[in-house]
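# A look at the structure
In case you want the letters, here they are:
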Amino acid sequence: MRVFVVYCHPSKKSFTHDIKQEFLKGLNDSNHEFIVSDLYEMNFNEVISENEYEREAYYKTEIPVADDVIEEQRKIQESDAIVFIYPVFWTEAPAKLVGWFDRIWTSGFAYNPNPKMKILKKALFIVSAGKTMESLEETGESSAMRIVMLGDRIRDRAIEKEMIIFDGTTHWDEEQRKERMAEHLNTAYKLGLNF
Ligand SMILES: Cc1cc2nc3c(=O)[nH]c(=O)nc-3n(C[C@H](O)[C@H](O)[C@H](O)COP(=O)(O)O)c2cc1C
C-alpha cells in the first residue's frame, strides 16, 4: 500500500517523534511505500486566510485553491491510506494539524460541491496522550477525539478508520512513562509492520 503520513509535533526529542520513527520502520520492513508531511519541518501554514475562508464558506466559490493546499491534496490522491501521528493538545490535535484540515479539506475536494477526493482504504490516527486511558475514558475525552477525527473529519472518506491512543506518556510521572514507553514503541512498530 502507498501510505501518506501526516506528522505533527514541534520537537524531535519527543515521544511522539519516536513513535513516528517506529511506525515508519514497521512500514518499511513490510515493504509499504510511504511519504511523510512533517508539518513543523515543512513550516506548513495552518492559518486559513480571509480569501480561503470566503471560498470555503461559499461567499466566493471562484477563488482558486493555494498551491501548498493542492500539493497536500495531490499526496492524498496518490495514496491508498492516510495516517496522522500527533500528541493530544487540549483534547485536540496541535493547532498546526487542526489548521491543516481547515485548509486541505476544501470544498470541491473533501466536501460539496462534487468532492473529488478519493475514498481511501484506511485512515489511522496514532495519538499520544499525557493522561491515562482510564482518565480519558472517564471524562469522555477519548470519545470526543474519536467523534471529531473519525466521525467528522474522516466520515466516509476512508473505508476503515481507527484511532490508537498511546496513553500515560506525560513527563509529570516518569515512572509511569518509562513503564509504558517500551510497550507503546513496540506497538507502533507492529502497527506499521501489519498495516
Ligand atoms: C499544550 C499541551 C496540551 C496538552 N493537552 C493534553 C490533553 O488534553 N490530554 C492529554 O492526555 N495530554 C495532553 N498533553 C500531553 C501531550 O499529549 C504529551 O506531550 C504527549 O502525549 C507525549 O509526549 P511527547 O510530547 O513527548 O510526544 C498536552 C501537552 C501540551 C504541551
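Heads up: the structure comes first, above all this text.
Quantities reported herein were computed from a predicted structural model and do not represent experimental measurements. (Residues numbered from 1 in each chain as written. Predicted model: local features only at pLDDT ≥ 70, side-chain atom pairs only at ≥ 80, totals over all residues. Heavy atoms only, no water.)

### Brief notes about the packing of helix α3 (residues 67-77) against helix α4 (residues 95-104)
Applied cut-off: Helix axes use the C-alpha atoms of the stretch in contact, all axes being lines fitted to C-alpha atoms, and the angles between their N-to-C directions lie in the range 0 to 180 degrees. Secondary structure is summarised from DSSP: a helix means a run of H or I of at least four residues, a strand means a run of E of at least two, and numbering begins at the N terminus for each. Angle categories are assigned with fixed cut-offs, so that under 35 degrees is roughly parallel, over 145 is roughly antiparallel, 65 to 115 is roughly perpendicular, and the rest are oblique. A contact between two residues is defined here by any heavy atoms of the two lying within 4.5 Å. Gly counts as polar in this scheme, as do all residues outside two lists: the nonpolar Ala, Val, Leu, Ile, Met, Phe, Trp, Tyr, Cys and Pro, and the charged Asp, Glu, Lys and Arg.
Where α3 contacts α4, the axes come no closer than 10 Å and their chain directions differ by 90°. Our classification of the angle between α3 and α4 gives roughly perpendicular. Across the interface between the two elements, D68, V69, E72, Q73 and I76 of α3 pack against W100, R103 and I104 of α4. Across the contact of α3 with α4, the residue classes break down as four nonpolar, one polar and three charged.

### Points about helix α1 (residues 15-29)
We count it as follows: What a helix is expected to span follows from its residue count: subtract one and scale by 1.5 Å. Accessibility here uses a 1.4 Å probe with only protein chains present; expressed as a share of the type maximum, an area under 20% marks a residue as buried, one over 50% as exposed, and anything in between as partly exposed.
A rise of 1.5 Å per residue sets the reference length of α1, with its 15 residues, at 21 Å; its end C-alpha atoms lie 21 Å apart and thus fit the reference within 8%. Listing the buried residues of α1 in full gives F15, T16, H17, I19, K20, E22, F23, L24, G26 and L27. In this structure, the buried side of α1 is in contact with β1 (2-7), β2 (33-38), β3 (81-87), β4 (120-128), β5 (158-166) and α7 (174-193). One or two steps after α1, the chain reaches N31, where phi turns positive at roughly 65°.

### Examining the sheet that holds β3
For the record, the criterion: DSSP calls a pair of strands paired once it identifies at least 2 bridges connecting them.
On the basis of which strands lie adjacent, the open sheet formed by five strands has the order β2-β1-β3-β4-β5 and parallel pairing. Of all the strands in the sheet, just β2 and β5 have a single pairing partner and so form its edges. Adjacent strand axes in the sheet meet at a mean angle of 15° when their direction is disregarded. Summarising the sheet, β4 and β5 pair through eight bridges and their orientation is parallel. Pairing of V127 across the sheet is with I165, part of β5.

### What to know about the pairing of β4
Stated formally: By convention, orient the strands away from the viewer: a clockwise path from the first strand over the helix to the second makes the crossover right-handed.
Within β4, eight of the nine residues are buried, leaving the element largely enclosed by the surrounding structure. Since β3 and β4 lie parallel, the crossover through α4 that links them has a hand, and here it is right-handed.

### What about the side chain of Q73?
Of note, Q73 is situated in helix α3. Discounting chain neighbours no more than four positions away, the residues touching Q73 are V65, I104, T106 and F109.

### Looking at the site of the ligand
Short version of the rule: Nearness here has a simple test: a residue counts as near a molecule or strand if at least one of its heavy atoms is within 4 Å of that partner. The Shrake-Rupley method, run with a 1.4 Å probe, gives the accessible areas here. Residue values count only the displayed protein chains as cover.
In the vicinity of the ligand there are 15 residues, among which H9, T16, V88, W90 and T169 approach most closely. Across the complex, the protein chains shield 74% of the 620 Å² of accessible surface that the ligand would expose by itself.

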